Amino acid sequence: MDEEPERAKRWEGGYERTWEVLKEDESGSLKATVEEILFQSKRRRVIESHGQVRLGMMRHLFVVVDCSRSMEDQDLKPNRLTSTLKLLEGFVDEYFDQNPISQVGVITTKNKRAEKLTDLAGNPKKHISALKKAVDSACVGEPSLYNALSLAVQTLKHMPGHTSREVLIILSSLTTCDPANIYDLVKTLKCLKVRVSVIGLSAEVRVCTVLTRETGGSYHVILDESHFKELLMLHVKPPPASSSSECSLIRMGFPQHAVASAMERDARPSFSMSHLDSGAGPGLSLGGYFCPQCHAKYSELPVECKVCGLTLVSAPHLARSFHHLFPLQPFVESPVEELQGSRFCEACQGELKDKSAFVCPSCRSVFCVECDLFIHDSLHCCPCCIHSRAAL
Amino acid sequence: MSCYGFHIFFTKFTLSKCLDAVMVMGNSHLALTRTNKLAVIASHCQDSHFLYPSKSLGGGDGAADDVSSTRDGKYELLAVANSTIAAEIRNVLSKAEVRGNSTDTLLAGSLAKALCCILTNSHLVCLEQVIKAAEDCALQYMNFMNVIFAAQKQNILIDACVLDSDSGLLQQACDITGGLYLKIPQKLALAQYLLWVFLPDSEQRSQLVLPPPAHVDYRAACFCHRNLIEIGYVCSVCLSIFCNFSPICTTCETAFKIQLPQMVKPKKKKLKMPA
């Protein structure tokens, strides 16, 4: 039934002689090695983009947080639960920054049960306040993978076919307590095209390996807190869409922001629909976004209109996702000595101090390490290529 | 500590007055706090060019010696800045060829370079100012939006001071990053507007009475007719916007699944035989 790929476990490999990394030069100083290590830490691996692959842009992601006894362990400071929830707040922010039209929900599992902390929603504030409150909750009992997954699937199976359905499980316990056979649930998940990924905090657990392999997700175990953050951020990028996901035209509204001041005669204060959710009570406000179909008012976008069901977004929200569709190619690293011409970075006009610089393959301009990092992480376009009028 | 970057666009006339106003603003900014830094970029049809600090000076040591003997006792930093800007703009003007009647400029590229410059020089809250006299270039939309989102992430405010015609792109930039957008009614008073509205930094702005925010039109333009629409259809693969339903997306050529109404099998009715 399972074909396990041949993979050597860590204890089966040879010794890692970490002391050999440090090498002294003739005079006995470690300066060159230290500079090399610093330079490598500045350069992060630029994750290879998939190229011409269809991506799942509208994502529905459930994050399952294990709140069992093992989360009180103090190997992550102050304890695993606090550290996880803090990192998840950053994850939610980054997720909505990169995928503005997607939704996220949070599920917790403890005491052999699972419950929804927040439902699938597109507003980051709700999730962040719920995560902040959850820090005080007690960690008891054992987690239940089966219950958490079936709770997630209950909502995900009703989602339209063109969206991607994902579950991210953060599991710290080495056990799980399930009421039924989990391998049947894995088959159901595969049929429903739900992609499950797991981040383990303790060690590799076989049921998670099978779960992620069958559904097409990824499984990693953390080494320390910074590695945990890196692994979480891997899930922010939209995954390649599965071949069977449907493509459809989604009807959306683009409301105008009406800004009215109290001085205008026509300004009428009105209630905002978003107050139906929050317990803050109805408040009259002058400006807001009016749904083009039913003229219900909302204070922020993106939102799904409660009255008529139309998804309301603004054009910059869609524009945020464009850089996933046109990814920037990684720059070629070349040593500074080989470069002809001036030793200046084209972007920041600073001198090239490190031993290698990055060259854009299309316009051949030279950039320093920090600018290269900034260009690939945030800017997503080469500052010199966009000067040529042929470029889009 | 704040760091300003200026962008100047070619105007058809009053370039020297515009530069004068910018130099006044730059001097005031440098004079406000010792740690303030300044960078000036000129952007025209072919390229964008750093006017100050200038690479050709090689650190400014040579020029400082020449200028330190100014007769009016001006602060050397300001004198160096002014003379560098004047010299470089003469340089740029003499080198630039005017090809045809294009009045578009490469704003996105200049903004991108300014962002990199700001980030390498200081890591605190920064402001960027754009002074614009030319029209928008529609080709630049995607790159421009990328630059705006990068600025917003780094907490860099973008302010815009528009001389001729309103610019939808800059309005969006100021709205998204939290800066100020102002269309100047009288070009002669450019220096006054710059000093009044744009010189104070973000903490001081909350205590001043400044022009109200402009109404930003966030409606999307459909890809087929370039009309602004309020309700549209979005392709789930490539996020292109259409005003009407069509079975194939013109950008990514995916065929869409159309929801057909359910087929109801006609039931065979028993005919009642006439008695």
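Computed from a predicted structure; not experimentally measured.

Student: Help me get a handle on the overall build of chain A, residues and values and all.
Tutor: In terms of regular secondary structure, chain A is built from 10 helices and 17 strands. Counting the 392 residues in chain A, one finds 44% classified as buried. Counting contacts in chain A only where the partners sit at least 6 residues apart, residues at least 24 apart contribute 63% of the total. Carbon together with sulfur atoms contributes 53% to the accessible area of chain A, which is approximately 20800 Å² in total.

Student: Tell me about the overall build of chain B, and please be specific about residues and values.
Tutor: Counting its secondary structure elements, chain B contains eight helices and 10 strands. Among the 275 residues that make up chain B, the fraction classed as buried is 49%. Taking contacts inside chain B between residues at least 6 apart in sequence as the whole, the part at least 24 apart equals 60%. Of the accessible surface of chain B, which amounts to about 14700 Å², a share of 57% is contributed by carbon and sulfur atoms.

Student: Can you break down the interface of chain A and chain B residue by residue, with the values?
Tutor: With 52 residues of chain A in contact, the opposing surface of chain B contributes 58 residues. Between chain A and chain B lies a buried interface of about 5100 Å² when both sides are counted; carbon and sulfur atoms form 65% of it. Here chain A is connected to chain B by one salt bridge. For Lys153(B), the salt bridge identified is with Glu94(A), shortest N-O distance 3.5 Å. Counting every contact that joins chain A to chain B gives five residue pairs in polar contact (both at pLDDT 80 or more). Among the elements of the structure, α2 (80-98), β7 (249-253), α8 (315-320), α9 (322-325) and α10 (369-379) of chain A are those that each provide at least two residues to the side of chain A that touches chain B. Ranked by the residues each element gives to the side of chain A that touches chain B, the list is headed by α10(A), at six residues. For the side of chain A that touches chain B, the per-class residue count stands at 28 nonpolar, 14 polar and 10 charged. Here five bridges tie β7(A) to strand β9 (residues 231-235) of chain B, and the two strands are oriented antiparallel to one another. Across the sheet, the residue bridging to Leu249(A) is Cys235(B), located in β9(B).

Student: Run through the UniProt feature "domain: VWFA" (unreviewed entry) in chain A, naming residues and quoting values.
Tutor: UniProt annotation of "domain: VWFA" (unreviewed entry) refers to residues 60-202 of chain A when read in the numbering used here. Note that residues 60-202 of chain A is 36% helix and 27% strand, and that its end C-alpha atoms are spaced 27 Å apart.

Student: Outline helix α5 (residues 141-153) of chain B, supporting the account with residue identities and numerical values.
Tutor: Residues and elements named next belong to chain B. Compared with the 18 Å implied by 1.5 Å per residue over 13 residues, the 18 Å span of α5 between its first and last C-alpha is a close match. Burial analysis of α5 places 10 of its 13 residues in the buried class, the great majority of the element. Here α5 has its buried residues at Met142, Asn143, Phe144, Met145, Asn146, Val147, Ile148, Phe149, Ala150 and Ala151. Just beyond α5, the residue with positive phi is Asn155, at close to 60°.

Student: So, the pairing of strand β2 (residues 103-110) of chain A: which residues are in play, and what are the values?
Tutor: All names here are of chain A. The element β2 is extensively covered by neighbouring structure, given that seven of its eight residues are classed as buried. The pairing of strand β1 (residues 59-66) with β2 spans seven bridges and is classified as parallel. Looking at β2, one finds that His60 is bridged to Gln103. With respect to chirality, the unit in which β1 leads through α2 into the neighbouring parallel β2 is right-handed. Bridge analysis of β2 against strand β3 (residues 113-121) gives six bridges, and the strand direction is antiparallel. Looking across to β3, one finds that Ile107 is bridged to Lys116.

Student: Kindly report on the packing of aromatic side chains, identifying the contributing residues and their values.
Tutor: All names here are of chain A. As enumerated under the stated definition, the model contains five aromatic pairs over all chains in all. Measuring from ring centre to ring centre gives 5.9 Å for Phe91 and Tyr95, while their planes differ by 35°; the resulting arrangement is tilted. Taken as a pair, Phe91 and Tyr95 lie in helix α2 at a separation of four residues, close to a single helical turn. For Phe91, a relative accessible area of 1% corresponds to the buried category. Ring centres 5.5 Å apart and planes at 85° place the aromatic pair Tyr95 and Phe96 in the edge-to-face group.

Student: I'd love a proper account of the packing of α10(A) against α5(B), names of residues and values included.
Tutor: If you want to describe how two helices pack, look at the angle between their axes and the distance between the axes. Remark: α10(A) packs on α5(B), axes separated minimally by 9 Å, with the N-to-C direction vectors making an angle of 105°. As far as their axial angle goes, α5(B) and α10(A) are roughly perpendicular. Residues Phe374(A), Asp377(A), Ser378(A) and Leu379(A) of α10(A) touch α5(B), and the partners they reach there are Asn146(B), Val147(B), Ala150(B) and Lys153(B).

The rules behind each value
- Residues numbered from 1 in each chain as written.
- Chains lettered and ligands numbered in written order.
- Predicted model: local features only at pLDDT ≥ 70, side-chain atom pairs only at ≥ 80, totals over all residues.
- Heavy atoms only, no water.
- Helix = DSSP H or I, 4+ residues; strand = E, 2+ residues; numbered from the N terminus.
- Buried < 20%, exposed > 50% of the residue type's maximum accessible area, 1.4 Å probe, protein only.
- Contact = heavy atoms within 4.5 Å.
- Areas by Shrake-Rupley, 256 points an atom, 1.4 Å probe, with all protein chains shown as cover.
- Buried area = accessible area lost by both parts, 1.4 Å probe.
- Salt bridge = Lys/Arg side-chain N within 4 Å of Asp/Glu carboxyl O.
- Polar contact = N/O pair within 3.5 Å; in protein donor to acceptor, adjacent residues only side chain to side chain.
- Nonpolar A, V, L, I, M, F, W, Y, C, P; charged D, E, K, R; others polar.
- Pairing = 2+ DSSP bridges.
- UniProt positions renumbered as here; feature names shortened; annotations may be inferred.
- Expected span 1.5 Å × (residues − 1).
- Right-handed = clockwise from strand over helix to strand, strands pointing away.
- Phe/Tyr/Trp six-rings, centres within 6.5 Å; stacked < 30°, edge-to-face > 60°.
- Axes fitted to C-alpha atoms, helices over the stretch in contact; angles between N-to-C directions.
- Parallel < 35°, antiparallel > 145°, perpendicular 65-115°, else oblique.

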